[in-house]
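Inside the fold
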Amino acid sequence: MSIEDIQNEIIDEFSMFEDWEERYQYMIDLGKDLPLINDQYKTDSNIIKGCQSKVWVHAEMNDDKIEFTADSDAIITKGIIAILIRAFSNQHPQDIIDANTDFIDKIGLKEHLSPTRANGLVSMVKQLKMYAIAYQTQLK
């Protein structure tokens, strides 16, 4: 599936819920299914700077596609990174770099987060794209 297809799937899923309480619960559930980072990668160098909570992200390249794993010490934040990883994991680096992130606004996520969590969300997206840039330069 393309990144855009996955993002549209996420938009459809979030539109099924009546209110944000249900959406938060769904995010928490998504966080429980997150491909967890191996403990050896829970290091300071893998912490996303700018997040209120601790969020660790690790990336590996397999068959010219990036696989992300992550974890967080906060359940909502874990759900947020799970959504992003679902959209961007197992994709080619250039596709991640070029990907639009409007789906975040379309599901209403940013407007329903505290300012510090919203900043953390931006930092998470930036970090995933930075991994993609780093891996893309290795492919050239």
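Under an unreviewed UniProt entry, the name given to the chain is Cysteine desulfuration protein SufE, and the organism recorded is Algibacter pectinivorans. Note on the chain: under the UniProt heading Sequence similarities (unreviewed entry), the record states "Belongs to the SufE family."

1. Remarks on the overall build of the chain
Summing up its helical and strand segments, the chain has six helices and two strands in all. Taken from N to C terminus, the helices and strands of the chain fall in the order α-α-β-β-α-α-α-α. Over its C-alpha atoms the chain spans a radius of gyration of 14 Å, differing by no more than 12% from the 14 Å that the globule rule assigns to 140 residues. For the chain, the C-alpha atoms occupy an extent of roughly 45 × 30 × 25 Å along the three principal directions. The buried share of the chain, taken over its 140 residues, is 48%. Nonlocal contacts in the chain, meaning residues at least 24 apart in sequence, comprise 65% of its contacts between residues at least 6 apart. Surface summary for the chain: the accessible area is close to 7,500 Å², and the carbon and sulfur share equals 47%. Considering the chain, the positive charge centre built from 14 side chains and the negative charge centre built from 24 side chains are found 6 Å apart.

2. Quick notes on a negative patch on the surface
On the surface, E18, D19, E21 and E22 cluster together to form a negatively charged patch. For E18, the position within the fold is in the loop between α1 (3–15) and α2 (20–32). Taking relative accessible area as the criterion, E18 reaches 68% and is therefore assigned exposed.

3. A short note on the pairing of strand β2 (residues 65–72)
As paired elements, strand β1 (residues 55–62) and β2 share eight bridges and run antiparallel to each other. Pairing of E60 across the sheet is with E67, part of β2. The loop that links β1 with its antiparallel partner β2 comprises two residues; one of these, D63, has a positive phi angle of about 55 degrees.

4. Quick notes on the packing of α1 against α2
Interaxial distance between α1 and α2 falls to 10 Å at its minimum, and their mutual angle equals 130 degrees. On the basis of their axis angle, the class for α1 and α2 is oblique. For the pair α1 and α2, contact is made by E13, F14 and S15 and by W20, R23, Y26 and M27, respectively. A class-by-class count of the residues in the contact of α1 with α2 yields four nonpolar, one polar and two charged.

5. Some remarks on the UniProt feature "domain: Fe-S metabolism associated" (unreviewed entry) in the chain
Residues annotated by UniProt as "domain: Fe-S metabolism associated" (unreviewed entry) correspond here to residues 12–130. Between the end C-alpha atoms of residues 12–130 there is a gap of 28 Å, over a span that is 49% helix and 13% strand.

Scoring rules and cut-offs
- Residues numbered from 1 in each chain as written.
- Predicted model: local features only at pLDDT ≥ 70, side-chain atom pairs only at ≥ 80, totals over all residues.
- Heavy atoms only, no water.
- UniProt positions renumbered as here; feature names shortened; annotations may be inferred.
- Helix = DSSP H or I, 4+ residues; strand = E, 2+ residues; numbered from the N terminus.
- Rg over C-alpha atoms; globule rule 2.2 N^0.38 Å.
- Buried < 20%, exposed > 50% of the residue type's maximum accessible area, 1.4 Å probe, protein only.
- Contact = heavy atoms within 4.5 Å.
- Areas by Shrake-Rupley, 256 points an atom, 1.4 Å probe, with all protein chains shown as cover.
- Lys, Arg positive; Asp, Glu negative; His and termini not counted.
- Charge placed at Lys NZ, Arg CZ, Asp CG, Glu CD.
- Patch = residues over 30% accessible without salt bridge, like charges linked within 9 Å, V, L, I, M, F, W, Y side chains within 5 Å.
- Salt bridge = Lys/Arg side-chain N within 4 Å of Asp/Glu carboxyl O.
- Pairing = 2+ DSSP bridges.
- Axes fitted to C-alpha atoms, helices over the stretch in contact; angles between N-to-C directions.
- Parallel < 35°, antiparallel > 145°, perpendicular 65-115°, else oblique.
- Nonpolar A, V, L, I, M, F, W, Y, C, P; charged D, E, K, R; others polar.

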